[in-house]
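Listed below are the residues making up each chain.
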Amino acid sequence: TIRAIRDARRVSDVFNIEVDGDHVYRLLGLGVLVHNAQHYADFFVNKWGVAISNRANELGFDPKSLQYKANEGLAGVRMETLWGRQIERSLDEAYDFIDAVYGKISLKGPLVGADSRMIPLPAVEQQLDNFALKVVRDAHSTVRATTVVVDLFGLTADQVARLKSKINTGLSPGHSTPIIYLD
C-alpha cells in the first residue's frame, strides 16, 4: 500500500515489485505507468546489449493501450536492425509503427510466451491458422496499414512454410498491401 507521495529531491533506494497480470501499475496522479520489465530487460541485454534493451523498451510501450508489449519491442528492434534505420511507434490504433520507407506498419508476431521471458511458443496448427487470418485481414484492409510485417521469430522452418502457405491461400488476387517477413 502506498501511504504517501512526496518530492524528496535526493537519490534514494528503489525497490522492484512484481505485479500479477499485465505487470503494469499506475503511480497515482503522477500520470506515470510503470512496468516491471526485468524478464524483458534480461532477454534483450543478454542477447544484444543495454542500448538495444533500452530501444526495445521504447518500441514495446504501446501509447494507445498504455501497456508494454514485449513481442512488439522485440519485433521493432529486429526491424530497425534489419532495415538499418529507426522506426516510430504509432499513436493511431489502426497500425503499430511508422517507417520512412514502408509507411504505416501493422505488426503480426512474433509468437512469444505469455510469461514475459521471450520464449517462443510451441505454435500449434490452430495458432498458425489464427495468425495467418490476422495477417490476411490486415493485408485486405483499406483503412489500416500500408505494410504488414510478419515476425517469424521462434517458428520452425516447417511452421514458417505452413504459415506462408496459409497466408498466400487467404489472399485475394490483386491485394495491394505488401507483406514483409522477418526471418
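Residues numbered from 1 in each chain as written. Predicted model: local features only at pLDDT ≥ 70, side-chain atom pairs only at ≥ 80, totals over all residues. Heavy atoms only, no water.

## Looking at the sheet that holds strand β9 (residues 179-182)
Phase 1: One open sheet holds the five strands; their spatial order is β5-β6-β7-β8-β9, and the pairing between them is mixed. One side of each edge strand has no neighbouring strand; the edge strands of this open sheet are β5 (88-89) and β9.
Phase 2: As defined by bridge partners, strand β6 (residues 97-99) adjoins strand β7 (residues 103-108) across three bridges and the pair is classed as antiparallel. Looking at the pairing, Ile 98 lines up with Lys 104 of β7. (Pairing = 2+ DSSP bridges. Helix = DSSP H or I, 4+ residues; strand = E, 2+ residues; numbered from the N terminus.)

## As for the nonpolar core
Phase 1: Core analysis: the largest hydrophobic core is formed by 15 residues, its most contacted members being Val 150, Leu 152, Leu 155, Leu 163 and Ile 167.
Phase 2: It is helix α4 (residues 125-140) that provides the largest number of residues to this core, a total of six residues.
Phase 3: The next biggest cluster of nonpolar side chains, apart from the first, holds 13 residues, and it includes Ala 75, Met 79, Ile 105 and Ile 180. (Core = buried A, V, L, I, M, F, W, Y, C linked by side-chain atoms within 4.5 Å. Buried < 20%, exposed > 50% of the residue type's maximum accessible area, 1.4 Å probe, protein only.)

## Quick word on the environment of Val 136
Phase 1: Looking at where Val 136 falls in the secondary structure, it is placed in helix α4.
Phase 2: You can call Val 136 buried: its relative accessible area is 10%.
Phase 3: Each C-alpha atom, one on Val 136 and one on Ser 172, is 8.9 Å from the other, the two residues being 36 residues apart in sequence.
Phase 4: Setting aside residues up to four positions removed in sequence, Val 136 forms contacts with Ile 167, Gly 170 and Leu 171. (Contact = heavy atoms within 4.5 Å.)

## Concerning the pattern of salt bridges
Phase 1: Considering all chains together, one arrives at 12 salt bridges under this definition.
Phase 2: Salt-bridge contacts for Arg 85 lead to Asp 99; the nearest nitrogen and oxygen are separated by 2.8 Å. Highlighted residues: Arg 85 in the loop between α3 (70-83) and β5 and Asp 99 in strand β6, separated in sequence by 14 residues.
Phase 3: Note on Arg 85: relative accessible area 25%, which makes it partly exposed.
Phase 4: By relative accessible area, which is 4% here, Asp 99 ends up buried.
Phase 5: Between Asp 129 and Lys 166 there is a salt bridge whose closest N-O contact spans 2.6 Å. One end of the pair, Asp 129, is in helix α4; the other, Lys 166, is in helix α5 (residues 157-170), and 37 residues separate them in sequence.
Phase 6: Looking at Asp 129, the relative accessible area reads 27%, which means it is partly exposed.
Phase 7: Residue class for Lys 166 comes out partly exposed when judged on its relative accessible area of 24%. (Salt bridge = Lys/Arg side-chain N within 4 Å of Asp/Glu carboxyl O.)

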